[in-house]
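# Breakdown of the fold
The chain contents come next:
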Amino acid sequence: MTQQNGKKNYTLLVVEENTKVFEQCGMHLKNGELVSFPTETVYGLGAHALNEEAVRKIFKAKGRPLSDPVIVHVLNWEDAVKKHDLVDVSQNEEIIVEHLSKNFWPGPLTLVVKASKKVPDCITASTGFVGIRSPSHPVARNLIDISGLPISAPSANRFGHISPTKAEHVIEDLGYTPYPIMIIKSSKKEHKCSVGIESSVLKISEENDKIQMTLFRRGGTSEEKLTEAIHELKLKYPKLVIDLHIPSKTVKNETKMGQQAPGQMITHYAPDIQTLMYSSDKIEVKEKNTNGISISECVFIDYNQHFFGKYSEKCKKYFLLSKSDDMKDVARHLFKTLRAAEKIEGAKYIIVPNLSTIDKEFAKACHDRLFRSASGRECLLVNETVYIKEDTTNITEN
């Protein structure tokens, strides 16, 4: 179908899932073109990972800086090593990867390891490290299998915008692209993006006989499950010296230096309406401050009415990420809800909850997405009026 953005028309093919479609899309990838497909996390925008010209089309289509690397999707670790020759890992690194892939693949965990010389620099952001993932979504796996290719694929959206979890989101964001993108839209309800947020990203490297592991991005594999698996690994291989580092993130809006993992920028997953994260700080607002906005002009996003329930009838629009305290359910609806919120006509702000103190599995991953959707900017609520807290140069998230 043809999309029009007020300037030009471009061709965007929307196809339903069947065997013939996978063959067609596989050939499209082999010809150096782009295919968007669902995974269990979000929709990806894919290219043949070993075709540098094709991969660069991803960056141009999204408006993505080359400093932000892209993940390569494969069926399994053996394919990454033997079939496609994507990695250059030590014996000890391979032990670690095989243990983690056995526990979490296929699934929402990306493992960052040293890249082979075959991997284009634009995939690694010239860092020498590549993120490898084996998705569990049947559409993604069929596409990889039938095409026979390793597929590099970030989220299929405008860079910095909300990640897509439906084919329609891809059409909204990439309808302007000059490249003929094929979009696989599954006709089966059970083939949704069931996790709803991106994969967790874990870097593995050996230095001076020590395995250093760094969790760069919290995501669809919980921090708790990863920690448990690494503890089992230490018991199984007591001679291995393993250090797991889970940093509190200091985020700087800097795109010039190559990142070793995607999703590190302060402005990410951002709606087109200015988004603010609620702060419970008790700061007095002077009466002369006239910069406040009434809640009647704001959209509020909540879960189980924990934060903003009392404003639900007074604000412009009130959305619930979940009617329960289940953070997996919050994650599943997070991006879809942000996209619905940005479409509310006349809204001045979108206000999102601060989940940093919630002690539940996946809460930190959800908080990360909401924090970045607001570019780290916070607001105060005083007398049903929203005030933006003073900006800071560097924003630290603990």
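Residues numbered from 1 in each chain as written. Predicted model: local features only at pLDDT ≥ 70, side-chain atom pairs only at ≥ 80, totals over all residues. Heavy atoms only, no water.

## Quick look at a positive patch on the surface
On the surface, a cluster of positive charge is made up of Lys166, Lys189, Lys192 and Lys336. Tracing the sequence through the fold places Lys192 in the loop between strand 9 (181-185) and strand 10 (200-207). Residue class for Lys192 comes out exposed when judged on its relative accessible area of 57%. (Patch = residues over 30% accessible without salt bridge, like charges linked within 9 Å, V, L, I, M, F, W, Y side chains within 5 Å. Areas by Shrake-Rupley, 256 points an atom, 1.4 Å probe, with all protein chains shown as cover. Salt bridge = Lys/Arg side-chain N within 4 Å of Asp/Glu carboxyl O. Lys, Arg positive; Asp, Glu negative; His and termini not counted. Charge placed at Lys NZ, Arg CZ, Asp CG, Glu CD. Helix = DSSP H or I, 4+ residues; strand = E, 2+ residues; numbered from the N terminus. Buried < 20%, exposed > 50% of the residue type's maximum accessible area, 1.4 Å probe, protein only.)

## Looking at the confidence of the model for the chain
The predicted model of the chain averages 89 in pLDDT, with 89% of residues at 70 or higher. Note that residues 1-11 has pLDDT below 50 and, in this model, 23 contacts with residues that lie over four places away or in other chains. A low-confidence stretch, residues 391-398 (pLDDT under 50), is modelled with 16 contacts involving residues beyond four sequence positions or located in other chains. (pLDDT = per-residue confidence, 0-100. Contact = heavy atoms within 4.5 Å.)

## Comments concerning the nonpolar core
If you look at the biggest cluster of nonpolar residues, it comprises 52 residues, and the most contacted ones within it are Ile96, Leu100, Ile132, Ile204 and Met213. A total of five residues in this core trace back to one element, the largest contributor, which is helix 2 (residues 52-62). Not counting chain neighbours up to four residues away, the residues in contact with Leu100 comprise Trp105, Leu111, Leu202, Ile204, Met213, Ala229 and Ile230. Judged by nonpolar contacts, the second largest core, of 31 residues, contains Ile266, Tyr303, Ile358 and Ala363. (Core = buried A, V, L, I, M, F, W, Y, C linked by side-chain atoms within 4.5 Å.)

## Concerning the layout of surface pockets
In this structure, the largest pocket encloses a volume near 400 Å³. In terms of lining, the largest pocket is formed by 18 residues, of which the most central are Thr165, Lys166, His191, Lys192 and Cys193. When residues of the lining of the largest pocket are traced back to their parent elements, those giving at least two are helix 7 (167-174) and helix 9 (327-341). It is helix 9 that contributes the most residues to the lining of the largest pocket, three residues altogether. Across the lining of the largest pocket, the residue classes break down as four nonpolar, six polar and eight charged. (1 Å grid on protein atoms, 1.4 Å probe; cavity = no way out; pocket = protein on both sides within 12 Å on 5 of 7 lines; lining within 4 Å. Points joined across faces, edges and corners; volume = space filled by probe spheres on them. Nonpolar A, V, L, I, M, F, W, Y, C, P; charged D, E, K, R; others polar.)

## Comments concerning the packing of aromatic side chains
Where two aromatic rings form a pair, the distance of their centres and the angle of their planes describe that pair. Counted under the stated rule, the structure contains seven aromatic pairs. Centre to centre, the rings of Tyr278 and Phe307 are 6.3 Å apart; their planes meet at 80°, and the pair counts as edge-to-face. Residue Tyr278 is located in strand 14 (residues 275-278), and its partner Phe307 is located in the loop between strand 16 (298-302) and strand 17 (317-320); the two are separated by 29 residues in the primary sequence. Residue Phe307 is classed as partly exposed on the basis of its relative accessible area of 22%. Chaining the aromatic ring pairs together yields one cluster made of Tyr278, Phe300, Tyr303, Phe307, Phe308 and Tyr311. Cation over ring: Lys203 sits above Phe129, and NZ or CZ is 4.1 Å from the ring centre. When the ring centre of Phe319 is taken as origin, the NZ or CZ atom of Lys317, which lies over that ring, is 5.8 Å away. (Phe/Tyr/Trp six-rings, centres within 6.5 Å; stacked < 30°, edge-to-face > 60°. Lys NZ or Arg CZ within 6 Å of the ring centre and 35° of its normal.)

## Brief notes about the pattern of salt bridges
Pairs may arise between side chains of opposite charge once their charged atoms sit close together. Tallied over the entire structure, the rule returns 22 salt bridges. Here Asp173 and Arg339 are joined by a salt bridge, their closest N and O atoms 3.2 Å apart. Remark: Arg339 occurs in helix 9 and Asp173 occurs in helix 7; sequence separation between them is 166 residues. Using a relative accessible area of 1% as the deciding quantity, one classes Arg339 as buried. Through salt bridges that share partners, Arg158, Glu172, Asp173, Asp272, Arg339 and Lys343 make up one connected network.

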